[in-house]
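Next come the chains, spelled out residue by residue.
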Amino acid sequence: MRRREVITLLGGFGAALPALVARGQVLTKPALIGVLVAGSKEATQPRVSGFPQGMQELGYVQGRNYIIEGRYGDSDLARLPTLFQQLVDLKPDVILTGTTAGILEVKRATVTIPIVGASLTDPVGFGLAASLARPGGQVTGILISSDNLAAKQIELALEILPGAKKIGMLMHAGNQSNMVHWRNLEAATGALALKLVRAEAHGPSDLDAAFQTLAGEHVELVVLPPDGLFVSERRKIVALAAAARLPVVHPYRELVEAGGLLSYGVDLRDSWRRAAGFVDRILKGAKPADLPIEQPTNEMVINVKTAKALGLDIPPTALARANQVIQ
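A. Looking closely at the sheet that holds strand 6 (residues 115-120). Spatially, 4-3-5-6-7 is the arrangement adopted by the 5 strands of the open sheet, whose pairing is parallel. Both edges of this open sheet fall to strand 4 (66-72) and strand 7 (139-143), since each of them pairs with a single strand only. Geometrically, the sheet is characterised by an average inter-axis angle of 20° between neighbouring strands, direction not taken into account. Its contacts with the sheet place helix 3 (residues 50-57) against strand 3 (31-37), strand 4 and strand 5 (94-97), and it is angled at close to 165° to strand 4.

And the structure:
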């Protein structure tokens with residue numbers, strides 16, 4: 001084969017396969033990306049699909065440059081340790097996850113696989129990182145919420161329902177990330193002399209009883225922390241809130257699109273898309289220890305139709321600040 005033909009052939013190969021460099025060597029086979037999600041595959045697909053979109057934007061082709069091996073907990077947190085170990089046994093190049101509860105398994109196992117979180121909660125507090133600027137371990141990624149998320153949720157809720165004195169919080173029992181939000185919410189409501197009540201659900205079957213508890217406590221509005229269970233069960237949660245005539249401040253736009261009142265929090269699909277940048281750098285040789293954990297980008301979505309059904313008037317100032325208003 002002539003030298004020019006060899007160069008042309010190699011050039012074509014390089015165009016089809018981005019230079020994935022790991023530990024100084026070009027990968028000779030597709031990278032294996034393990035994906036761990038707490039919810040069901042069907043319910044989480046809209047946000048998880050942001051990852052292949054991000055990879056495509058970076059020049060990757062799924063099935064050619066990388067392969068995804070997914071594990072889904074179907075909202076059962078007790079399954080996460082087993083699912084995490086299944087991924088570890090596959091020896092993937094990177095594990096990508098949307099659940100801090102799953103990442104906590106690295107503290108109970110000797111694992112050296114790089115881990116990228118698309119929705120991290122307090123990684124420093126949970127001992128997963130030394131600092132946000134320099135994680136120093138095997139975990140990096142994007143925060144699902146900032147420290148002031150709970151305070152912001154309360155601020156928006158009181159803007160819509162200014163006379164409220166009793167706030168309820170629905171928690172996914174067993175998810176340690178929810179406790180972080182609870183403590184932040186306690187601080188926010190305590191500073192405003194508001195009473196705070198919580199109801200817990202271990203899974204979808206407990207949601208009815210949890211809303212009955214909140215209604216029985218005569219809370220005037222409800223706050224939901226960031227949690228995959230609430231996205232997976234968004235239609236049920238919206239229906240229960242409507243039946244109890246309870247205004248709810250949600251963490252994700254998906255719940256407002258399903259008929260919820262108001263959301264303030266991250267765009268989950270965008271977080272998964274941004275996670276591709278971390279995976280790309282790790283495949284090219286970067287260490288999670290050196291990749292700063294990024295702050296989330298929050299958005300607000302308001303459903304005016306739901307507000308009217310609840311007899312609430314949304315202040316023009318809130319509507320003007322919303323990223324999206326659903327009529």
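B. Here's a closer look at the environment of T97. Position of T97 among the secondary structure elements: in strand 5. In the structure, T97 is positioned 18 residues away from I115 in sequence and 7.7 Å away in space, judged by C-alpha atoms. Aside from chain neighbours lying at most four places away, what touches T97 is L36, I103, I115, V116, G117, A118, S119 and W272.

C. Representation of the environment of A286 in the model. The topology assignment puts A286 in the loop between helix 12 (268-283) and strand 13 (298-303). Placed 172 residues apart in sequence, A286 and P114 show a C-alpha to C-alpha distance of 9.8 Å. Excluding residues within four positions of it along the chain, A286 makes contact with R281 and L291.

D. Molecular detail of the sheet that holds strand 11 (residues 248-250). Across the sheet, which stays open at both edges, the 7 strands sit in the order 9-8-10-11-12-13-14 with mixed pairing between neighbours. In this open sheet, the two strands that pair with only one neighbour each are strand 9 (195-201) and strand 14 (324-326). This sheet shows a mean twist of 25° between the axes of neighbouring strands, independent of strand direction. As paired strands, strand 8 (residues 166-172) and strand 9 are joined by 7 bridges and run parallel to one another. Residue pairing in the sheet places I167 in a bridge with L196 of strand 9. The strands touched by helix 8 (residues 207-216) are strand 8, strand 9 and strand 10 (221-223); relative to strand 9, the strand with the most contacts, the crossing angle is about 165°.

E. Molecular detail of the packing of aromatic side chains. Evaluated as defined, the whole model comprises 2 aromatic pairs. Arranged with centres 6.0 Å apart and planes meeting at 75°, the rings of F51 and Y66 form a pair that is edge-to-face. On the criterion of sequence distance, the pair formed by F51 in helix 3 and Y66 in strand 4 is long-range, its members being 15 residues apart. The interplanar angle of 80° and the centroid separation of 6.3 Å between the aromatic rings of Y60 and Y66 together place this pair among those described as edge-to-face. Here the aromatic cluster, defined as three or more aromatic residues joined through ring pairs, consists of F51, Y60 and Y66. Lying over the aromatic face of W182, R198 brings its terminal NZ or CZ to 4.9 Å of the ring centre.

F. Layout of helix 12. Here helix 12 is 16 residues long and its end C-alpha atoms lie 23 Å apart, about the 22 Å a rise of 1.5 Å per residue gives. Buried within helix 12 we find L268, S271, W272, R274, A275, A276, G277, F278, V279, D280, I282 and L283. Of the residues flanking the start of helix 12, the one acting as N-cap is D267, its side-chain oxygen 3.2 Å from the backbone nitrogen of R269. At the exit of helix 12 stands G285, carrying a positive phi of roughly 115°.

Rules and cut-offs
- Residues numbered from 1 in each chain as written.
- Predicted model: local features only at pLDDT ≥ 70, side-chain atom pairs only at ≥ 80, totals over all residues.
- Heavy atoms only, no water.
- Pairing = 2+ DSSP bridges.
- Helix = DSSP H or I, 4+ residues; strand = E, 2+ residues; numbered from the N terminus.
- Axes fitted to C-alpha atoms, helices over the stretch in contact; angles between N-to-C directions.
- Contact = heavy atoms within 4.5 Å.
- Phe/Tyr/Trp six-rings, centres within 6.5 Å; stacked < 30°, edge-to-face > 60°.
- Lys NZ or Arg CZ within 6 Å of the ring centre and 35° of its normal.
- Expected span 1.5 Å × (residues − 1).
- Buried < 20%, exposed > 50% of the residue type's maximum accessible area, 1.4 Å probe, protein only.
- Polar contact = N/O pair within 3.5 Å; in protein donor to acceptor, adjacent residues only side chain to side chain.

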